[in-house]
Amino acid sequence: MLNAILSQGFIFGLIISTIRLATPLIYTALGEMFSERAGLLNIGLEGIMAFGTLSGFFGAYLTGNPWMGVLFGVCGGILINLLYAFGTVSLNGDHTVNGMVLNILAVGLASYIYRTFFGITGEPEVVQGFTELKIPLLSKIPVLGETLFSHTILVYLAFILIPICHIVLFKTTFGLKLRSVGEYPKAADTLGVNVIKMKYIGAMICGGLAGLGGAYLSIAYMNKFLDSMVAGRGYIALAAVIFGKWKPAGILGACLLFGFADALQLRLQAIGFQIPYQFLIMLPYVLTLVALAGVVGKTVGPAANGQPYIRSK
């Protein structure tokens, strides 16, 4: 068994799976980063991702074009998250309650819509998804070429977004306004920043990226829609934002760590590791709890995160 774990095939397969499983976490966690930087603590990521899987699946199924699936996934995530934004920004509702409502509503709604169109079948419908895109020259590098540069385009896009999000958040006027709203909205309002508008923009970015993370699962990873395909990834992405200290580079590291834990349990099951599979499935979630228990007390998020803003006060 140890020889199988230390084999070249196992290690390279583990690296490939880690990258692919980290991709939906990266999209969703980056979206949550923008949301929390705007002061919106959104724990409804699980629901947004679930609705994104359905929207992306329908876009690819109806058009036969996976890029339309991406567009549908992004739009579906934005639309469903606007419900959360309306409840927390316009109505000043509790962020945690609205996030949990979004989880329950979106997950159930996605399942209901799918069954309404396709009924209850033994074999789920399959869509044309993205195929692997080998990067010229780089994919020919011995050993590392196949593991790092032979993925779908959505995988590459997720990693490209890391420096882009850093520049947008920390090097632009828009990013400064967004961060000021999450830190001290009253002062930002006094300086002419439209706090409500910035919060809605943050919510839309979060919805779009989390919806894209969900769409990745249904059109680039599995090419089908399943009720349980999100499988807690929304909560893991939420933990990755805290673990990554609300910064893109840190979030990337956290998502790779959690993706590695998920990939490891799948690979161990595949080689018949002699331990009940239920314990292996628990691995990424246990790692999430351990990571948060070790760092949550040492990180400080946006000061006004999760707090309603009422201008009259």
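Before reading further, recall that the structure is shown in the block above.
Here goes a summary of the coordinates provided. (Residues numbered from 1 in each chain as written. Predicted model: local features only at pLDDT ≥ 70, side-chain atom pairs only at ≥ 80, totals over all residues. Heavy atoms only, no water.)

## Quick notes on the environment of glycine 208
- On the secondary structure map, glycine 208 appears in helix α10 (residues 195–221).
- A sequence separation of 164 residues divides glycine 208 from glycine 44, and the C-alpha atoms of the two residues are 13 Å apart.
- Those residues in contact with glycine 208, other than ones at most four positions away along the chain, are Val74, Gly77 and Ile78. (Helix = DSSP H or I, 4+ residues; strand = E, 2+ residues; numbered from the N terminus. Contact = heavy atoms within 4.5 Å.)

## Section: the state of the cysteines
- As enumerated under the stated definition, the model contains zero disulfides in all.
- Just so you know, cysteine 75 is unpaired, no disulfide at all, and the nearest cysteine sulfur is the one on cysteine 206, 15 Å from it.
- On the basis of relative accessibility, which here comes to 36%, the residue cysteine 75 falls in the partly exposed class.
- No disulfide involves cysteine 206; its sulfur sits 12 Å from the nearest other cysteine sulfur, which is in cysteine 165.
- Overall, cysteine 206 belongs to the buried group, its relative accessible area being 0%. (Disulfide = S-S within 2.5 Å. Buried < 20%, exposed > 50% of the residue type's maximum accessible area, 1.4 Å probe, protein only.)

## Quick look at a nonpolar patch on the surface
- A surface patch of nonpolar side chains, about 510 Å² in accessible area, is lined by Phe273, Ile275, Phe279, Met282, Val286 and Val290.
- Exposure remark for valine 286: the relative accessible area of 38% places this residue in the partly exposed category. (Patch = residues over 30% accessible without salt bridge, like charges linked within 9 Å, V, L, I, M, F, W, Y side chains within 5 Å. Areas by Shrake-Rupley, 256 points an atom, 1.4 Å probe, with all protein chains shown as cover. Salt bridge = Lys/Arg side-chain N within 4 Å of Asp/Glu carboxyl O.)

## A closer look at the pattern of salt bridges
- One pass over the structure, following the stated rule, counts three salt bridges.
- Measuring nitrogen to oxygen at the nearest pair gives 2.7 Å for the salt bridge that ties arginine 20 to glutamate 132. Placement of arginine 20 in helix α2 (residues 8–37) and of glutamate 132 in the loop between α5 (95–118) and β1 (133–134) is noted, with a sequence separation of 112 residues between them.
- The partly exposed category is assigned to arginine 20, whose relative accessible area is 24%.
- In this structure, the salt-bridge partner of aspartate 262 is arginine 233, at a minimum N-O distance of 3.5 Å.

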